[in-house]
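# Structural overview
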Amino acid sequence: MNRKIKFGAAATASALAVGGALVLGAAPASAATACKTNTKEFPTDFYNADVTVKLCVVSRNGGHFADGYVSWNEAGSNKFDKFVVQVRLERNDADIAVTSCSMTSSINSLYQGDDFCGRGSFVSGSGGWTADGKVTYNINNDGKGDMVWELTGSPSIS
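Residues numbered from 1 in each chain as written. Predicted model: local features only at pLDDT ≥ 70, side-chain atom pairs only at ≥ 80, totals over all residues. Heavy atoms only, no water.

### Looking at the state of the cysteines
Taken as a whole and judged by the stated rule, the model has 2 disulfides. Each sulfur of the disulfide joining Cys35 and Cys56 lies 2.0 Å from the other. Judged by the sign of its S-S torsion, about 110°, the bond between Cys35 and Cys56 is right-handed. Pair noted here: Cys35 is in strand β1 (residues 31–42) and Cys56 is in strand β2 (residues 49–60), with a separation of 21 residues, a long-range link. In this structure Cys56 comes out as buried when scored by relative accessible area, which is 3%. The residue that forms a disulfide with Cys101 is Cys117, at a sulfur-sulfur distance of 2.1 Å. The chirality of the disulfide connecting Cys101 with Cys117 is right-handed, given an S-S dihedral of about 85°. (Disulfide = S-S within 2.5 Å. Helix = DSSP H or I, 4+ residues; strand = E, 2+ residues; numbered from the N terminus. Buried < 20%, exposed > 50% of the residue type's maximum accessible area, 1.4 Å probe, protein only.)

### Concerning the sheet that holds strand β7 (residues 129–139)
Strand order in the open sheet formed by 4 strands is β5-β4-β7-β8, with antiparallel pairing between adjacent strands. Of all the strands in the sheet, just β5 (94–102) and β8 (147–150) have a single pairing partner and so form its edges. Averaged over all adjacent pairs, the angle separating strand axes in this sheet is 20°, with direction ignored. (Pairing = 2+ DSSP bridges. Axes fitted to C-alpha atoms, helices over the stretch in contact; angles between N-to-C directions.)

### A look at the nonpolar core
Taken as a class, soluble globular proteins show a tendency for nonpolar side chains to be buried jointly. Ranked by size, the top nonpolar core spans 29 residues in total, and within it Phe42, Val51 and Phe83 carry the most contacts. Residue assignment for this core shows that the elements contributing at least two residues are β1, β2, β3 (63–73), β4 (80–91), β5 and β7. (Core = buried A, V, L, I, M, F, W, Y, C linked by side-chain atoms within 4.5 Å.)

### Topic: empty space enclosed by the protein
One water molecule sets the probe size; rolling that probe over the atoms shows where empty space is left. Applying the stated criterion across every chain, the model contains 1 cavity of 30 Å³ or more. A volume near 40 Å³ is recorded for the largest cavity. Lining of the largest cavity is provided by 10 residues; of these, Ala66, Leu89, Ala97, Thr99 and Ser121 occupy positions nearest its centre. Going through the elements one at a time, β4 and β5 are the ones with two or more residues in the lining of the largest cavity. (1 Å grid on protein atoms, 1.4 Å probe; cavity = no way out; pocket = protein on both sides within 12 Å on 5 of 7 lines; lining within 4 Å. Points joined across faces, edges and corners; volume = space filled by probe spheres on them.)

### Some details on the environment of Ser105
Considering the arrangement of structural elements, one finds Ser105 in helix α2 (residues 104–109). Look at Ser105 and you get exposed, because its relative accessible area is 60%.

### Some words on a nonpolar patch on the surface
Together, Phe46, Tyr47 and Tyr111 line one region of the surface with nonpolar side chains, adding up to about 440 Å² of accessible area. Along the polypeptide, Tyr47 turns up in the loop between β1 and β2. (Patch = residues over 30% accessible without salt bridge, like charges linked within 9 Å, V, L, I, M, F, W, Y side chains within 5 Å. Areas by Shrake-Rupley, 256 points an atom, 1.4 Å probe, with all protein chains shown as cover. Salt bridge = Lys/Arg side-chain N within 4 Å of Asp/Glu carboxyl O.)

And the structure:
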């Protein structure tokens, strides 16, 4: 048994012994989240850069947010002239709020890393909420100019 499981079991047993209840890792009853992970390997110099973008739509306390979690490996070395992530909060496939984040500096300076884009909106209403997005990128010295990677959006939540 690893330490994380032992600690969780011990904490639960301790909480129950003193008459309380401890719920580990549970979200509040008023929160919902749905995510979709997208992965792409970019043909860059030396090693190909691997990028993952996880799009999540979050519903909490009557408001909705769209978040983009970006991570990469084998990047750095100024492999991109442009790397811009766009995250959209959509309702029934209509854009409600759009956030764009340039990650060019981060992805060019770190071999491996992660960054965040989103959380700019608090929009009320129920039903049909998703997170969607795209990445506009330009690989350094490939002569192709700006390209677009259309991301697969998250499942829908209420």
